[in-house]
Amino acid sequence: MSVPRRDPELIVAGHCMQLERFVRRGGPWRPIEFGSAVAILPHPGGGVALFDTGYAPRFHAATARLPYRLYSALLPVSCAEPDAAVSQLAARGMAADEVKLVVLSHLHGDHVAGLRDFPRARVVLGDGALAPGWRTASAWRNTAHGFVPALLPDDVEQRLMPLAELPVAGTGLGGWLRNGHDLFGDGTAFVLPLPGHAEGHLGLWLPGWGADGVLLAGDAVWHERAITHGELPLPFLRGRRPAYEQVVAELARLHRERPDLAIVPSHCNASLSRIRRG
Ligand SMILES: [Zn+2]
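Residues numbered from 1 in each chain as written. Predicted model: local features only at pLDDT ≥ 70, side-chain atom pairs only at ≥ 80, totals over all residues. Heavy atoms only, no water.

S.K.: Honestly, the overall build of the chain in this entry has me stumped. Any pointers?
M.R.: Helices and strands together make up the secondary structure of the chain, namely 10 helices and 13 strands. Expected size for 278 residues packed as a compact globule is a radius of gyration near 19 Å; at 17 Å, the chain falls within 12% of this value. Among the 278 residues that make up the chain, the fraction classed as buried is 54%. Sequence-distant contacts, at least 24 apart, represent 62% of the contacts inside the chain between residues at least 6 apart. When the accessible surface of the chain is totalled, it reaches about 12200 Å², and 55% of it is carbon and sulfur. Counting 28 positive and 27 negative side-chain charges, the chain places the averaged centre of each group 5 Å from the other. (Helix = DSSP H or I, 4+ residues; strand = E, 2+ residues; numbered from the N terminus. Rg over C-alpha atoms; globule rule 2.2 N^0.38 Å. Buried < 20%, exposed > 50% of the residue type's maximum accessible area, 1.4 Å probe, protein only. Contact = heavy atoms within 4.5 Å. Areas by Shrake-Rupley, 256 points an atom, 1.4 Å probe, with all protein chains shown as cover. Lys, Arg positive; Asp, Glu negative; His and termini not counted. Charge placed at Lys NZ, Arg CZ, Asp CG, Glu CD.)

Now the structure itself:
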């Protein structure tokens, strides 16, 4: 029988290439690897919870045809079978069926491609993330929004856990972030709305991890220097403003007040490797 690790862990499930200048103001116009982070979280009731699911090899098939092929052409993706979250979990002795809960920061393909590998998991999504009529929306519109519906499980709606089902509780983070949705009901993990990048975008606050807690920021920013030095992505990549910029300002406030608290964007190689080194 497999035994899940007791400590949370961040893994990288595949990556794409992106121009660094797109990611942060003042950065060079050179391509950089953009890893897709997945957090593996022990579930106090047994089993495992995940924050995001990263890429999986099915992303290639799901984006093989136009217009979705534009997505993979603009952001070339590398993800072989061993890179998928489900394979990395298996290597740690965790079966896919042990994953009981998946929190998705948002529905862009690089965060949801692994979801079909976890058929027993309930899925936590932000309010409005899954638009009504999503199954019949125009493929061109989906592509423009980075949404590839074929990546979602057929029964995703039956497995949704609305945020309203999770109790609201104080996070200790102050400001906008002072309340979150208590994921396990024991104060160890809080789902935080971090709007702007995408509809219903979420982060996850883990107060007991690291020196002063870990805030998984999803795509609220792509690079930690957006928080520490105000180096935001190019304006057309800032999603819904002003919410996007207000969230960045709030994360910068948190960083100033609690420098030992690790704020980890999903694709920030620097902050990912710092956490992964422990
Ligand atoms: Zn995104």
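Read on for the rest.
S.K.: Would you mind going over the coordination of the zinc ion with me for this structure?
M.R.: Octahedral six-donor coordination of a metal ideally yields angles of 90 or 180 degrees, compared with 109.5 degrees for tetrahedral four-donor coordination. Coordination of the zinc ion by the protein comes from His106 (NE2), His108 (ND1), His197 (NE2) and Asp219 (OD), over a distance range of 2.1 to 2.2 Å. Angles of 88 to 172 degrees at the metal separate the four donor atoms of the zinc ion, which places the site in the irregular class. Counting gaps between the donor residues of the zinc ion yields the pattern H-x1-H-x88-H-x21-D. Residue His108 is located in the loop between strand S5 (99-103) and helix H5 (109-112), and its partner His197 is located in the loop between strand S10 (190-193) and strand S11 (202-206); the two are separated by 89 residues in the primary sequence. We classify His197 as buried; its relative accessible area is 12%. (Donors = N, O, S within 2.8 Å, 3.2 Å for Na, K, Ca; no water. Tetrahedral: all angles 85-135°; square planar, octahedral: opposite > 155°, others 65-115°.)

S.K.: Looking at this structure, I do not really get the sheet that holds strand S2 (residues 31-42). What am I missing?
M.R.: In a beta sheet, neighbouring strands pair by backbone hydrogen bonds and run either parallel or antiparallel. One open sheet accounts for seven strands, arranged S4-S1-S2-S3-S5-S6-S7; its pairing is mixed. Where the open sheet ends on each side, the last strands, each with one partner, are strand S4 (77-78) and strand S7 (160-162). Bridge count for strand S3 (residues 48-51) against S5 is four bridges, and the pairing is parallel. Across the sheet, residue Leu50 finds its bridge partner in S5, namely Val102. Its contacts with the sheet put helix H10 (residues 269-277) on strand S1 (9-19) and S2, and the angle it makes with S1 is roughly 160 degrees. (Pairing = 2+ DSSP bridges. Axes fitted to C-alpha atoms, helices over the stretch in contact; angles between N-to-C directions.)

S.K.: How should the environment of Gly93 be read in this particular structure?
M.R.: Considering the arrangement of structural elements, one finds Gly93 in the loop between helix H4 (85-91) and S5. Separated by 121 residues in sequence, Gly93 and Val214 have C-alpha atoms that sit 24 Å apart.

S.K.: Please explain the sheet that holds strand S12 (residues 214-218) as it appears in this structure.
M.R.: Pairing within the open sheet is mixed, and its six strands lie in the order S8-S9-S10-S11-S12-S13. Whereas interior strands pair on both sides, the edge strands pair on one side only; in this sheet they are strand S8 (168-170) and strand S13 (262-265). When the angles between neighbouring strand axes are averaged without regard to direction, this sheet yields 35 degrees. Each of S12 and S13 touches H10; the most contacted strand, S13, lies at about 125 degrees to it.

S.K.: Please explain the pairing of strand S6 (residues 122-125) as it appears in this structure.
M.R.: Pairing analysis gives three bridges linking S5 to S6, with the strands arranged parallel. When the sheet's bridge partners are listed, Val102 is paired in S6 with Val123.

S.K.: Honestly, the pattern of salt bridges in this entry has me stumped. Any pointers?
M.R.: Two side chains carrying opposite charge are able to pair once their charged atoms lie near each other. This structure, assessed with the given rule, holds 12 salt bridges. The residue Arg122 makes a salt bridge to Glu165 at a minimum N-O spacing of 3.4 Å. Of the two residues, Arg122 is situated in strand S6 and Glu165 in the loop between S7 and S8; the sequence distance between them amounts to 43 residues. The class of Glu165 is partly exposed, set by a relative accessible area of 46%. (Salt bridge = Lys/Arg side-chain N within 4 Å of Asp/Glu carboxyl O.)

S.K.: What is the right way to look at the nonpolar core in this model?
M.R.: Burial of nonpolar side chains together is a common tendency in soluble globular proteins. Ranked by internal contacts, the top residues of the largest apolar core, which has 44 residues, are Leu50, Val99, Leu104, Leu107, Phe118, Leu130 and Leu152. Sorting the residues of this core by element identifies S1, S2, S3, helix H2 (58-62), helix H3 (68-74), H4, S5 and S6 as the ones contributing at least two each. Considering every element that reaches this core, the biggest residue donor is S2, with four residues. In contact with Val99, other than residues within four places in its own chain, are Val48, Leu50, Leu89, Phe118, Arg120 and Ala121. Formed by 25 residues, the second largest nonpolar core is a distinct cluster that contains Leu204, Trp209, Val214 and Val264. (Core = buried A, V, L, I, M, F, W, Y, C linked by side-chain atoms within 4.5 Å.)

S.K.: Help me out: how do you make sense of helix H9 (residues 243-257) in this one?
M.R.: The end-to-end C-alpha distance of H9, which contains 15 residues, comes to 21 Å, matching closely the 21 Å that a straight helix rising 1.5 Å per residue would cover. As for H9, its buried residues are in contact with S12, helix H8 (225-228) and S13. (Expected span 1.5 Å × (residues − 1).)

S.K.: How should a nonpolar patch on the surface be read in this particular structure?
M.R.: Taken together, the side chains of Leu66, Leu70 and Trp140 present a nonpolar region at the surface, about 330 Å² in accessible area. With respect to the helices and strands, Leu70 occurs in helix H3. By relative accessible area, which is 37% here, Leu70 ends up partly exposed. (Patch = residues over 30% accessible without salt bridge, like charges linked within 9 Å, V, L, I, M, F, W, Y side chains within 5 Å.)

S.K.: Whenever I open this one, the environment of Thr143 confuses me. Can you help?
M.R.: For Thr143, the position within the fold is in helix H6 (residues 139-144). Look at Thr143 and you get buried, because its relative accessible area is 14%. Thr143 has contacts with Pro67, Tyr68, Leu70 and Tyr71, leaving out every residue within four places of it along the chain. There is a polar contact of 2.7 Å between the side chain of Thr143 and the backbone oxygen of Ala139. (Polar contact = N/O pair within 3.5 Å; in protein donor to acceptor, adjacent residues only side chain to side chain.)

Any link to function would need more than the numbers given here.
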